[in-house]
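Geometric and topological summary
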Amino acid sequence: MEKELDYAISIMKDNGLKYTKKRSDILSFLINENRYVAALDVFNFMNNKYKGVSYDTIYRNLRDFAELNILEETDLQGEKRYRFHCDVHGEHHHHHFICTSCGATREIHMCPMDMFQEQLPGCLIEGHRFEILGKCEKCLKN
């Protein structure tokens, strides 16, 4: 966890975001959760630690971290969710299975984009997102 946190903090500092203990605690929470969580979950965690922390401050930091590619974001059940980027170094391309109940994720080490590129001759694909949504084994048992 410490390696991921140190790397995220260096990205943050390199991009002009000041280091604060609260920002570090947000990132640590997300690293430990290792799943997609709502901004409200982060707020509740931080509010227990720092009484009176602003929800807007939490949300703004989550958005900033996502823009810096420290966090991944997705929409689950009409709500934006965040998780610590599982490949913050950008070393391997992958996608996710996401549990729609608990937000747990699993990496999928294949990409369907080669097939799509073949069907779009002359076009330049600049980015994509591929997620499989469903229920994990744990949630299915419950």
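Values in this document were obtained by computation on a predicted structure and should not be read as measured data.

A short note on the overall build of the protein
Along the backbone of the protein there are six helices and six strands. Along its sequence from the N terminus, the protein presents helices and strands in the succession α-α-β-α-α-β-β-β-β-α-β-α. Accessible surface, the protein as shown: approximately 8800 Å² in total, 49% of it carbon and sulfur. Averaging the locations of the 19 positively and 22 negatively charged side chains of the protein gives two centres separated by 9 Å.

With respect to the UniProt feature "binding site: Fe cation" (unreviewed entry) in the protein
Residues annotated in UniProt with the feature "binding site: Fe cation" (unreviewed entry) correspond here to His93 and His128. For this annotated set, covering 36 residues, all C-alpha atoms fall within 11.2 Å of each other, a compact arrangement in space. Mapping His93 onto the fold places it in the loop between β3 (79–84) and β4 (95–99). Discounting residues that sit within four places of it in the chain, His93 has contacts with Cys111 and His128. Assignment of secondary structure puts His128 in the loop between α5 (113–119) and β6 (131–134). Contacts of His128, omitting those with residues within four sequence positions, involve His93, His95, Cys111 and Met113.

Cut-offs and rules
Residues numbered from 1 in each chain as written. Predicted model: local features only at pLDDT ≥ 70, side-chain atom pairs only at ≥ 80, totals over all residues. Heavy atoms only, no water. Helix = DSSP H or I, 4+ residues; strand = E, 2+ residues; numbered from the N terminus. Areas by Shrake-Rupley, 256 points an atom, 1.4 Å probe, with all protein chains shown as cover. Lys, Arg positive; Asp, Glu negative; His and termini not counted. Charge placed at Lys NZ, Arg CZ, Asp CG, Glu CD. UniProt positions renumbered as here; feature names shortened; annotations may be inferred. Contact = heavy atoms within 4.5 Å.

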